[in-house]
Amino acid sequence: MNYLGSRSAILSSNLKINYLAKANQSQTTAFFKYALASTLFNSFKAYSLIKNKIKGKKPVVEQIPKDTVIIYQFPRAFNTPSLSPFCLKLETWCRAANINYQNKLGMNVSSRGTVPFIRLNDYVIEDSEKCIEYLSKVFKVDLNSELSDDQKAFARAALALTEENLKWSMVMHRFWYSPIAKQETGLPLLSIWFFGYRMFRAAWYSGAARYTKQEIYEKGKRDLSALDALIGEKKFLLSDTKPCDVDFAIFGLCAQLKYNDRGPFNQHLLANCHNIDRHIETIKNMYWKDWDQNILAKKLVRKKPMFKKILSLFKKA
């Protein structure tokens, strides 16, 4: 028994050493890719600034409409309005709350380096959750008004499950393990290199990236199943009448897994999490009638006939 126990311990130790060696090798490769992408991005930014200075171009002064919420977020994505679950969450909440808003699409980040953030009459708020809290007070909108204290506690737990647990599983798949990240995200290769390493480091410091690939996928699937059970047969997380704030957090993240992901989480959601799938479609149909007008996939489809014409010229030649 002692021999078998020591043998098992040695094998376990060797497996762990091999895993750590491969992980360190992957991190080193990813770091060099990140360094290259970062250098190219910064060089292009410096070139643009110098070019504008030589030509005498002055920085454009941004005009902020009064009493209009400006949402600073990433550009539109291929299959969802945003690749960020937090951007999609905030914009969908603004639609549900009838907030007058405008998007400022680009790569701007807040003073804390986060996206999204909002500006309202020169007052800047960072973090999607704080944005919702602030807008609720300013515009006197409370989507949680009908919730009891117990339900608010339940919603808080569901929010933590979504944005503190499931989020990291999605991040690790999208930016670290997915072999088809370019197809899933629609991002250029340099952007994947740039964001991939940064997101991995964030996941590492959170503790999420310290698990094996298999453990991360199993953990994410369990989180999805738990969230599916919390929603149950209800239309929304806590009722059949109207969504609460947390419904939009669930929508923002799970829509990424349904429409962008092509890996294990997507397969698990579609095969086993029918309550989440129904929840996504309900929110989408209620607040995103113009979904197709806000994703790049449909815009590219509209341009496809022109590409076909160009290709036909080459074929004739």
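Structure first, text after, so check above.
No experiment lies behind these values; they were computed from the predicted model shown. All residue numbers refer to position in the chain's written sequence, counted from 1. Local features in this predicted model are restricted to residues whose pLDDT is 70 or higher, and side-chain atom pairs enter the listing and the counts only when it is 80 or higher, whereas totals over whole chains, interfaces and linings include all residues. Computation of side-chain values: all heavy atoms of the structure, hydrogens and water removed.

(A) Focus on the pairing of strand β2 (residues 101–105). A pair of strands is considered paired only if DSSP assigns at least 2 bridges between the two. Helix and strand definitions here come from DSSP, where helices need a minimum of 4 consecutive H or I residues and strands a minimum of 2 consecutive E residues; each element is numbered from the N-terminal end. Relative to β2, strand β1 (residues 69–73) is paired through five bridges, and the arrangement is parallel. Bridge pairing in β2 places I71 opposite N103. A crossover connection joins β1 to the parallel β2 through helix α2 (residues 85–96); in handedness this β-α-β unit is right-handed. Handedness of a crossover is defined as follows: with both strands directed away from the viewer, a clockwise route from the first strand across the helix to the second makes it right-handed.

(B) Main features of helix α6 (residues 189–206). Between the first and last residue of a helix there are one fewer steps than residues, each counted as 1.5 Å, and that sum is the expected span. End to end, α6 covers 25 Å across 18 residues, agreeing with the expected 26 Å (1.5 Å per residue, within 8%). Remark: exposure states derive from per-residue accessible area (1.4 Å probe, protein chains only) relative to the maximum for the residue type, with buried under 20%, exposed over 50%, and partly exposed in between. For α6, the full list of buried residues reads S191, I192, F194, G196, Y197, F200 and A203. A positive phi of about 100° marks G207, the residue just after α6.

(C) Main features of the pattern of salt bridges. Salt-bridge detection follows one rule: a side-chain nitrogen of Lys or Arg within 4 Å of a carboxyl oxygen of Asp or Glu. Tallied over the entire structure, the rule returns nine salt bridges. The salt bridge partner of R112 is E126, with a shortest N-O separation of 3.2 Å. Here R112, found in the loop between β2 and β3 (117–120), pairs with E126, found in strand β4 (residues 123–126); they are 14 residues apart in sequence, far enough to count as distant. In this structure, the salt-bridge partner of D223 is K219, at a minimum N-O distance of 4.0 Å. Highlighted residues: D223 and K219, both in helix α7 (residues 213–231), separated by four residues, approximately one helical turn. Look at D223 and you get buried, because its relative accessible area is 9%.

(D) The arrangement of the sheet that holds β1 in detail. Strands sit in the order β2-β1-β3-β4 across an open sheet of four strands; the sheet is mixed. Of all the strands in the sheet, the pair left with one neighbour each is β2 and β4. On average, adjacent strands in this sheet sit at an angle of 25° to one another, irrespective of strand direction. Where β3 lies against β4, four bridges are found, and the strand directions are antiparallel. Note on β4: the bridge partner recorded for F117 is E126. Across the sheet, α2 touches β1, β2 and β3, and the angle it forms with β1 is around 160°. Throughout, a contact is declared for two residues whenever any of their heavy atoms are within 4.5 Å. Axis definition: a line fit to C-alpha positions, over the contact stretch in the case of helices; interaxial angles, taken between N-to-C directions, run 0 to 180 degrees. Strands in contact with helix α3 (residues 128–138) are β1, β3 and β4; relative to β4, the strand with the most contacts, it is inclined by about 135°.

(E) A look at helix α4 (residues 149–177). For α4, spanning 29 residues, the distance from its first C-alpha to its last is 40 Å, which sits close to the expected 42 Å at 1.5 Å a residue. We define the bend at any residue as the angle between the axes fitted to the seven residues before and including it, ending there, and the seven starting there. At L166, α4 is bent by approximately 40°, the largest bend along its length.

(F) Representation of the state of the cysteines in the model. Cysteine sulfur atoms are paired as a disulfide whenever they fall within 2.5 Å. This structure, assessed with the given rule, holds zero disulfides. Just so you know, C254 is unpaired, no disulfide at all, and the nearest cysteine sulfur is the one on C273, 8.1 Å from it. When its relative accessible area of 0% is taken as the criterion, C254 is described as buried.

(G) Structural view of empty space enclosed by the protein. Only protein atoms enter the 1 Å grid used here. Points where a 1.4 Å probe fits but cannot escape make up a cavity, open sets with protein on both sides within 12 Å along at least five of seven lines make up a pocket, and a residue lines them when an atom lies within 4 Å of a point. Grid points are joined across faces, edges and corners, and a volume is the space filled by probe spheres set on the points. In the structure shown here, the tally under the stated rule is one cavity of 30 Å³ or more. Taken as a whole, the largest cavity spans an internal volume of roughly 40 Å³. Broken down by secondary-structure element, the contributors of at least two residues to the lining of the largest cavity are α4 and α8 (245–259). The element best represented in the lining of the largest cavity is α4, accounting for three residues. Partitioning the lining of the largest cavity into residue classes produces two nonpolar, three polar and three charged. Three categories are distinguished: nonpolar for Ala, Val, Leu, Ile, Met, Phe, Trp, Tyr, Cys and Pro, charged for Asp, Glu, Lys and Arg, and polar for the others, with Gly belonging to the last.

(H) Broad picture of the layout of surface pockets. Empty space within the largest pocket amounts to approximately 1,700 Å³. Lining the largest pocket we find 49 residues, and of these F74, V109, V115, F195 and M199 sit closest to its centre. Those elements that provide at least two residues to the lining of the largest pocket are α1 (2–55), α2, α3, α4, α6 and α11 (296–316).

(I) The arrangement of unusual backbone geometry in detail. Omega for the bond connecting V115 with P116 falls within 30 degrees of zero, at 5°, which places this linkage in the cis form. Inspection of the secondary structure puts P116 in the loop between β2 and β3. Here D67, not a glycine, exhibits a phi torsion of approximately 60°, which is positive. On the secondary structure map, D67 appears in the loop between α1 and β1. Since its relative accessible area comes to 44%, D67 is described here as partly exposed.

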